[in-house]
Amino acid sequence: MQYRVLTVNRSSEAGEQNCATIAENLGWKLLDKDIIDAIAYAAHGMRMWCAATMSTWNHGCAASNQQAMRSAALAAGLELRDNAVFDAQEMVKISQNVIEQAYAEGNCVIVGRGSQCVLQHKPDAYHVFVYAPHRQRILRLRERLAQGVDVEERIRTVDGQRAKYLQEYWEKYWLNPHLYDLMISSHEGEDSTARIIQCAMTS
């Protein structure tokens with residue numbers, strides 16, 4: 001099977017650079033969760049702006065108070081108010097559209113945001129979950145955070161948010177092995193993990 005798309009989901013501190021390394025090696029685009037969120041914020045703002053325009057501004061030009069969305073809207077020449085309502089369900093729908101469009105174009109690595117669920121039944125999409133030993137995750141995070149931060153709590157919180165996202169919007173268990181073609185530990189290092197994933201996908 002020749003795969004056109006790789007989706008990568010991972011536990012926190014399991015290796016942030018794996019996806020970028022694989023994308024670079026393959027010459028593919030990298031669509032990480034931050035990019036997906038940025039596109040969704042911008043699209044959400046444009047939809048609300050259009051809706052407000054069509055209703056002759058009866059309810060004002062609503063917009064998210066998130067800084068990322070405000071920046072995107074201002075770049076598009078829109079003036080937004082601060083009393084915005086953030087519609088999470090709408091954001092999930094837009095994110096799904098972004099992922100589906102990326103799949104249609106092909107040759108991309110997609111990180112998180114339920115991509116393994118959106119593209120679950122696409123035969124030419126390869127799905128990977130990356131994890132790491134708990135001790136390694138703690139050590140990696142301690143290198144980046146200030147002293148006194150509860151590192152274990154931070155890891156639990158991030159993992160919990162990712163699991164909740166998949167359960168709430170896709171009704172899937174984040175660690176269900178049936179969602180993935182490969183589940184791999186990054187204990188040997190990010191470069192080694194990237195090579196193994198790429199080999200498994202292209203062999």
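What comes next concerns the included structure. (Residues numbered from 1 in each chain as written. Predicted model: local features only at pLDDT ≥ 70, side-chain atom pairs only at ≥ 80, totals over all residues. Heavy atoms only, no water.)

### Notes on the packing of helix α1 (residues 18–26) against helix α8 (residues 190–202)
At their nearest, the axes of α1 and α8 sit 9 Å apart, and the two run at 50 degrees to each other. By the criterion of interaxial angle, the relationship of α1 to α8 is oblique. For the crossing formed where α1 meets α8, the hand is right-handed. Of α8, the residues touching α1 (which contributes Asn 18, Thr 21, Ile 22, Asn 25 and Leu 26) are Glu 190, Asp 191, Thr 193, Ala 194, Ile 197, Gln 198, Met 201 and Thr 202. (Axes fitted to C-alpha atoms, helices over the stretch in contact; angles between N-to-C directions. Helix = DSSP H or I, 4+ residues; strand = E, 2+ residues; numbered from the N terminus. Parallel < 35°, antiparallel > 145°, perpendicular 65-115°, else oblique. Left-handed = near helix turned anticlockwise from the far one by under 90°. Contact = heavy atoms within 4.5 Å.)

### Focus: the side chain of Ser 186
Counting through the fold element by element, Ser 186 comes out in the loop between β5 (182–185) and α8. When sequence neighbours within four positions are dropped, the list of residues in contact with Ser 186 reads Ala 14, Gly 15, Val 130, Tyr 131, Ala 132, Gln 136, Arg 140 and Thr 193.

### Side note on the sheet that holds strand β2 (residues 29–31)
Sheet strands associate in pairs through backbone hydrogen bonding, adopting either a parallel or an antiparallel arrangement. Taken in spatial order, the five strands make up an open sheet running β2-β3-β1-β4-β5, and their pairing is parallel. Lying at the two open borders of the sheet, with one neighbouring strand each, are β2 and β5. Adjacent strand axes in the sheet meet at a mean angle of 20 degrees, parallel and antiparallel pairs treated alike. Relative to the sheet, α8 contacts β1 (5–10), β4 (125–131) and β5, its axis offset from that of β5 by approximately 160 degrees. (Pairing = 2+ DSSP bridges.)

### Things to note about a nonpolar patch on the surface
Judged by side-chain polarity, Tyr 131, Tyr 173, Leu 175 and Met 183 come together as a nonpolar surface patch covering roughly 380 Å² of accessible area. With respect to the helices and strands, the residue Tyr 173 is situated in the loop between α7 (151–170) and β5. Under the relative-accessibility criterion, Tyr 173 is labelled exposed at 53%. (Patch = residues over 30% accessible without salt bridge, like charges linked within 9 Å, V, L, I, M, F, W, Y side chains within 5 Å. Areas by Shrake-Rupley, 256 points an atom, 1.4 Å probe, with all protein chains shown as cover. Salt bridge = Lys/Arg side-chain N within 4 Å of Asp/Glu carboxyl O. Buried < 20%, exposed > 50% of the residue type's maximum accessible area, 1.4 Å probe, protein only.)

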